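# A structural walkthrough
Letter by letter, the chains look like this.
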Amino acid sequence: MSNAGVATSIFGGFMVATVALGLFAVRGRGGGGGGLAEWSVGGRSLGTGFIWLLMAGESYTSFSYLGAAGWGYNYGAPVLYVVAYLSCGYAVGYVVGPMLWDYARKHGLVGITDMVAHRYGRPWVGALVALLATVFLLPYIQLQITGMGVVVSTMSYGAVSLNWAYFIAFAVTTGFVVVSGLRGSAWVSVLKDVLVIATLAFLAIYVPLHYFGGYGDFLDRVVSEKSDWLTLPGHGGAFGEAWFATTSVLNSLTVAIFPTTVAGYLGARSADALRRNAMLLPAYNVLLFVPMLLGMAAVFVVPGLAGADSNLALFKLVVDSLPAWTVGVVGVAAALSSIVPMAVFMLVIGTMWGRSVLSLVPRLRERQKGASQVVVVVAGALALLMTYTAPNTLVRLSLISYEGMAQLLPMLLLGLLWRKLTLVGGLAGLAVGVGTVCGFVFTDHDPVWGVNAGIIALGLNLLVALALSYLGPKGAPVEGDVLARDPILDEEPATVRA
């Protein structure tokens, strides 16, 4: 059998095992997932171990396997922002996670759109947030499709074209998430993490020994020949200290309220499980240094990769020197690093639309799970179309998602902590923040004066929200408003201001 045949056979076998594991995870729970709460947040019954694996799976994606290596290849030191923001984000999550979990449990909520609609007493606000969140989540799904497509095409030694590889990524993940929901993703995270840890530990030892004779010679070459890669602003001079600091701060705040992170929060059995999880998660970040280092090694072995091709840096090293069966196993680890987070992202979009958008249609109100599963397929198809028509590098896609999603911080987090934030103020700030991000990103002005454009947009967002909440119209109580007092710090239900 040819190298391509061996690698793709191993990959196909593991994909079948992945779907089977997802079905096994939901056995005896209502024919593949029970109701919406079971499908979307695992019935709120996952313990510390599963929550750790699930949320670690979201942090270690195809972006980490391929994008981190690609940025290590292109720029060097700036890629360390990933480790910085994730570590800080877990600390923020230690406080935010239990708070959101408690609020959602008290009121029977399953996502951030539910929380916003409940906080401001207007279902249409949840629908608006669902629409915006979807716009900024689709690039992340595209990121995972791109990553898995690169893996499938490369490990098949070119036998599977990149376009077909993208479709395979979409088809496998969509079928998996529709059937198994959040619980299945948590179970598959176990398989994924075993493979990721094993393959990265192997590559961390093998690549420097095989290509350079050891870490000493490898690092000597980096210092003497590629010193730009070792300090900020890195090779090319685009991402300096200000960008690194502002991106780390913005992303650490945003990751704590990212819809997929919140899905992990709400799947927990208890608030204490989330606190323990937040203390354990930083240990997983050690793995992120491996693809970053291997990306820098690839600068010497496969020079000349540019643009999106830099995502191939790590896999070029693997395919160039390892036997086909090893390539297949590494490919499976990278593919599962796409499937688990992509499944959670698609599931979250489906849940947001099922609960907050389609439920506004009376005849769909009693069919929320089925409607959510249809949305999963549509969202995946849109991300697939974007992959074909608007490809981009993996890190660029990640940054766009985070910068946009950060604009929900005032309405969601500040709104839950500060009872005086009005709906008018929150919406105006959101509009200003989203408009500013889009203006900077789509005119290629990000970073702005060396600073992450998203944090500038968030500053304007917060300024407008606070100003209008203090000085703008307060509005009159309306029927259906549910919370005038802070739902976290106070327990008195009353009427929320407009």
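Predicted model, so just to flag it, every value in this text is computed and none were measured.

With that out of the way, let us pick up the overall build of the chain. Across its full length, the chain holds 21 helices and 0 strands. Counting only residues that meet the buried cut, the chain has 59% of its 498 residues in that class. Looking at the chain alone, contacts between residues at least 24 apart form 83% of all its contacts between residues at least 6 apart. Here the chain has roughly 17900 Å² of accessible surface; of this, 68% comes from carbon and sulfur atoms.

Before going further, it helps to spend a moment on the nonpolar core. Counting 137 residues, the largest nonpolar core has Leu100, Met115, Ile141 and Ile145 as its most contacted members. Each residue touching Leu100, except ones within four places of it in the same chain, is listed here: Met115, Ala256, Ile257, Val262, Tyr265, Leu266 and Leu416.

The grouping of Val374, Val378, Leu382 and Leu385 at the surface amounts to a nonpolar patch, some 350 Å² of accessible area in total. Relative to the elements of secondary structure, Leu385 occurs in helix H17 (residues 368-389).

Each aromatic ring pair is summarised here by two numbers: the centre-to-centre distance and the angle between the ring planes. Counting across every chain of the model gives 22 aromatic pairs. Measuring from centroid to centroid gives 4.7 Å for Phe258 and Tyr402, while their planes differ by 25°, and the two rings are stacked. Of this pair, Phe258 sits in the loop between helix H11 (241-257) and helix H12 (259-266) while Tyr402 sits in helix H18 (residues 394-405), and the two are 144 residues apart along the sequence. The residues Phe258 and Tyr402 share a single accessibility class, namely buried. Within the aromatic cluster, the residues linked to one another by ring pairs are Trp71, Tyr75, Tyr81, Tyr85, Tyr140, Phe239, Trp243, Phe258, Phe345 and Tyr402.

As for its position among the elements, Thr261 is in helix H12. Spatially, the C-alpha atom of Thr261 lies 9.9 Å from that of Gly111, the residues being 150 residues apart in sequence. A distance of 2.8 Å separates a polar side-chain atom of Thr261 from the backbone oxygen of Val255.

Further remarks concern the packing of helix H10 (residues 215-225) against helix H14 (residues 289-301). One way to put it is that H10 packs onto H14 with a least axis distance of 11 Å and a crossing angle of 70°. As the angle between them shows, H10 and H14 are arranged roughly perpendicular. Residues Tyr215, Phe218, Arg221, Val222 and Glu225 of H10 lie in contact with H14, whose contacting residues are Leu293, Met296, Ala297 and Phe300. Class assignment of the residues belonging to the contact of H10 with H14 gives a composition of 7 nonpolar, no polar and 2 charged.

Moving on, we come to empty space enclosed by the protein. Evaluation of the coordinates by the stated rule reveals 2 cavities of 30 Å³ or more. Space inside the second largest cavity adds up to approximately 80 Å³. Mapped by element, the contributors of at least two residues to the lining of the second largest cavity are H12 and helix H16 (324-356). Of the residues forming the lining of the second largest cavity, the biggest block, 4 residues, is contributed by H16. Considering only residue class, the lining of the second largest cavity consists of 8 nonpolar, 3 polar and no charged.

On to H14. Helix length check: H14, at 13 residues, gives a terminal C-alpha distance of 19 Å against a target of 18 Å (1.5 Å per residue), a fit within 8%. Within H14, burial applies to Val290, Pro291, Met292, Leu294, Gly295, Met296, Ala297, Ala298, Val299 and Phe300.

Another point: the pattern of salt bridges. Considering all chains together, one arrives at 5 salt bridges under this definition. Of the charged contacts in the structure, one is a salt bridge between Glu225 and Arg221, with a shortest N-O distance of 3.3 Å. In this pair, Glu225 and Arg221 are both assigned in helix H10, 4 residues apart and thus about one turn of the helix distant. Classification of Arg221 as partly exposed rests on a relative accessible area of 32%. Ionic pairing is found between Arg275 and Asp272, a salt bridge with its closest N-O pair at 2.9 Å. Here Asp272 and Arg275 lie together in helix H13 (residues 271-280), a separation of 3 residues that amounts to about one turn.

If you trace the backbone, Trp187 turns up in helix H9 (residues 162-212). Overall, the relative accessible area of 24% leaves Trp187 in the partly exposed class. Residues Trp187 and Leu21, 166 residues apart in the sequence, show an inter-C-alpha distance of 7.1 Å.

Between Leu232 and Pro233 the backbone carries a cis peptide bond, its omega angle lying at 10°. Looking at the secondary structure, you find Pro233 in the loop between H10 and H11. The residue Tyr157 is not glycine, and still its phi comes out positive at about 60°. Summarising the element assignment, Tyr157 is placed in the loop between helix H8 (123-155) and H9.

In contact at an axis separation of 11 Å, helix H6 (residues 81-107) and helix H7 (residues 112-120) are set at 70° when each is read in the N-to-C sense. Classified by the angle their axes make, H6 and H7 are roughly perpendicular. Within the contact between the two elements, H6 uses Leu100, Tyr103, Ala104 and His107 and H7 uses Met115, His118 and Arg119. Broken down by class, the residue content of the contact of H6 with H7 amounts to 4 nonpolar, 2 polar and 1 charged.

The next thing to look at is the environment of Thr231. Residue position: Thr231 is located in the loop between H10 and H11. Spatially, the C-alpha atom of Thr231 lies 5.5 Å from that of Ala77, the residues being 154 residues apart in sequence.

A separate point is the confidence of the model for the chain. Atom-level detail of predicted coordinates should not be read off regions where pLDDT is low. Predicted confidence across the chain gives a mean pLDDT of 82, with 83% of residues reaching 70 or more. The secondary-structure element of the chain with the lowest mean pLDDT is helix H2 (residues 30-33), recorded at 44, while helix H21 (residues 453-471) shows the highest, at 95. Confidence drops under pLDDT 50 across residues 30-34; counting only partners more than four residues distant or on other chains, this segment forms 9 contacts.

Cut-offs used in this document
- Residues numbered from 1 in each chain as written.
- Predicted model: local features only at pLDDT ≥ 70, side-chain atom pairs only at ≥ 80, totals over all residues.
- Heavy atoms only, no water.
- Helix = DSSP H or I, 4+ residues; strand = E, 2+ residues; numbered from the N terminus.
- Buried < 20%, exposed > 50% of the residue type's maximum accessible area, 1.4 Å probe, protein only.
- Contact = heavy atoms within 4.5 Å.
- Areas by Shrake-Rupley, 256 points an atom, 1.4 Å probe, with all protein chains shown as cover.
- Core = buried A, V, L, I, M, F, W, Y, C linked by side-chain atoms within 4.5 Å.
- Patch = residues over 30% accessible without salt bridge, like charges linked within 9 Å, V, L, I, M, F, W, Y side chains within 5 Å.
- Salt bridge = Lys/Arg side-chain N within 4 Å of Asp/Glu carboxyl O.
- Phe/Tyr/Trp six-rings, centres within 6.5 Å; stacked < 30°, edge-to-face > 60°.
- Polar contact = N/O pair within 3.5 Å; in protein donor to acceptor, adjacent residues only side chain to side chain.
- Axes fitted to C-alpha atoms, helices over the stretch in contact; angles between N-to-C directions.
- Parallel < 35°, antiparallel > 145°, perpendicular 65-115°, else oblique.
- Nonpolar A, V, L, I, M, F, W, Y, C, P; charged D, E, K, R; others polar.
- 1 Å grid on protein atoms, 1.4 Å probe; cavity = no way out; pocket = protein on both sides within 12 Å on 5 of 7 lines; lining within 4 Å.
- Points joined across faces, edges and corners; volume = space filled by probe spheres on them.
- Expected span 1.5 Å × (residues − 1).
- pLDDT = per-residue confidence, 0-100.

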